[in-house]
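Observations on the model geometry
Listed below, chain by chain, are the residues.
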Amino acid sequence: MAPLKLASGCDRRCSFCAIPSFRGSFVSRRPSDVLQEAQWLATQDIKELFLVSENSTSYGKDLGDLRLLETMLPELAAIEGIARVRVSYLQPAETRPGLIEAIADTPGVVPYFDLSFQHASATVLRRMRRFGDPESFLDLLERIRKLSPLAGVRSNVIVGFPGETEDDLNTLCDFLEAARMDVTGVFGYSDEDGTEAASYDGKLDDDEVRARTEHVTALVEELNSQRAEERIGETVSVLVESVEDGVVEGRAEHRGPEVDGTTTLDGSDARIGDLVTAEVIATDGVDLVAVPLDTDGDRA
C-alpha cells in the first residue's frame, strides 16, 4: 500500500480545526500528476493506492470540475499492477450520488467509505460549523449500502465539544447504534490554538470530557465488534501485508490501512503482496479470521 496525495489544504472552516491556518486553501493536484505518480508506484510493486487529502470530496473544484475524482478513479484502477484504489476522507454533506456510484461500482476501486461525521447532533454540528443530522447521515449510509451492501464504512467522532449536552451525547450514541459502521475513532475534545472553538463558552471540564469519551469508546468497541461478527460467512479479498512465524495477516477490501483492523488467514502460504480470496470464519474484536478459497469458491 502507498498513500497517493490528491490535494493539500482545506477550504472548510470547522471551528475545532487549525488545518486551514497552516496548510492554506484547498489545492488539487492535476490529474496528470496524480496518474503519473500512480504509474510510478505500480512499478515499485505497490498493489493498493490510498488516495489522501483533507477533503477528497472537494477534489477538482479549484480546477473547474468537481467530478474529476469520479472520472479519474477508473484510470487509476486500470493501471497495470494496481489491484486496489481506496479513497479517504469524505465530507458527508458533500458526498454526491455520482461519487458514491463511482466508489461502489468501479472495478478495482474498493467499496470503502471514510466519512467524517464528527458528531450526529445538529446543534453540536452547527457549533462545529459543519452540516448534518442523524437522519441525513443515515440516509447517506442507506444509499451507499443499497449500491454496495458489503461496503466498509469508518468514521471519527469528537466527544465533549463545548456546549454538548446529555441529549446531544445520547443523539450521538443512538446514531452510532443505528449506523453499524465497521470502525469508529473516538476523540475527546480539547482546545487547539488558533481555532474558533477555543474561544467558545460552555466548555466541559476535563473529567466530564474523559468520562463521555470513555462511554462512547466502550459503545463503539462493542458495536464495531458486532459489525465484524456480522461479516462471518462473507467472502473477502485479503491483501497480505505481514507473514511472520507462519502467521499470514492482511486487510480485507472493506478495511483501510493501519487503523481499521486486520484479517488473519488460516492455513495460507501466501506471500506479502498477494491477494487472497477467503471466507470469514471468526472474529477477534474488530479483527477477522478467514480461510482461503479455491477458484471454485470452496475452502482450499
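Here we summarise the structure given alongside this text.

Moving on: the overall build of the protein. Of the regular secondary structure elements, the protein holds eight helices and 13 strands. Here the protein has a C-alpha radius of gyration of 20 Å; the compact-globule value for 300 residues is 19 Å, and the two agree. Reported as C-alpha extents along the three principal axes, the dimensions of the protein are approximately 60 × 45 × 35 Å. Looking at the 300 residues of the protein, the share that counts as buried comes to 51%.

Let's shift gears to the packing of aromatic side chains. The tally for this structure, following the rule as stated, stands at six aromatic pairs. Aromatic side chains Phe16 and Phe161 sit 6.5 Å apart centroid to centroid with 85° between the ring planes, which places their arrangement in the edge-to-face category. In this pair, Phe16 sits in the loop between strand S2 (7-8) and helix H1 (19-23) while Phe161 sits in the loop between strand S7 (152-159) and helix H7 (166-179), placing the two residues 145 residues apart along the sequence. Residue class for Phe16 comes out buried when judged on its relative accessible area of 13%. Classification of Phe161 as buried rests on a relative accessible area of 0%. Aromatic side chains Phe117 and Phe175 sit 5.2 Å apart centroid to centroid with 80° between the ring planes, which places their arrangement in the edge-to-face category. Residue Phe117 is located in the loop between strand S6 (112-114) and helix H5 (122-127), and its partner Phe175 is located in helix H7; the two are separated by 58 residues in the primary sequence. Accessibility classification places Phe117 together with Phe175 in one group, the buried group. Through a chain of ring-to-ring contacts, the aromatic side chains of Phe16, Phe161, Tyr189 and Tyr200 assemble into a single cluster. Directly above the aromatic system of Tyr112 lies the positively charged group of Arg86, at a separation of 4.6 Å from the ring centroid. For Arg127, the ring lying beneath its charged end belongs to Tyr200, and the centroid distance is 4.8 Å.

Next up on the list: the sheet that holds strand S4 (residues 48-52). The three strands lie next to each other as S1-S4-S5, forming an open sheet whose pairing is parallel. Edge positions in the sheet fall to strand S1 (2-5) and strand S5 (84-87), since each of these pairs with one other strand and no more. Adjacent strand axes in the sheet meet at a mean angle of 30°, parallel and antiparallel pairs treated alike. Note that S4 and S5 share four bridges and pair parallel. Within the sheet, the bridge partner assigned to Leu49 lies in S5 and is Val85. The sheet contacts of helix H2 (residues 31-43) involve S1 and S4, and relative to S1 the element is tilted by about 165°.

A separate point is the sheet that holds S7. One open sheet accounts for three strands, arranged S6-S7-S8; its pairing is parallel. The sheet terminates laterally at S6 and strand S8 (183-188), the two strands that pair on one side only. Between one strand axis and the next, the sheet turns by 10° as a mean value, whatever way the strands run. Where S6 and S7 come together, three bridges link them in parallel fashion. Note on S7: the bridge partner recorded for Phe113 is Val153.

Definitions and cut-offs
- Residues numbered from 1 in each chain as written.
- Predicted model: local features only at pLDDT ≥ 70, side-chain atom pairs only at ≥ 80, totals over all residues.
- Heavy atoms only, no water.
- Helix = DSSP H or I, 4+ residues; strand = E, 2+ residues; numbered from the N terminus.
- Rg over C-alpha atoms; globule rule 2.2 N^0.38 Å.
- Buried < 20%, exposed > 50% of the residue type's maximum accessible area, 1.4 Å probe, protein only.
- Phe/Tyr/Trp six-rings, centres within 6.5 Å; stacked < 30°, edge-to-face > 60°.
- Lys NZ or Arg CZ within 6 Å of the ring centre and 35° of its normal.
- Pairing = 2+ DSSP bridges.
- Axes fitted to C-alpha atoms, helices over the stretch in contact; angles between N-to-C directions.
- Contact = heavy atoms within 4.5 Å.

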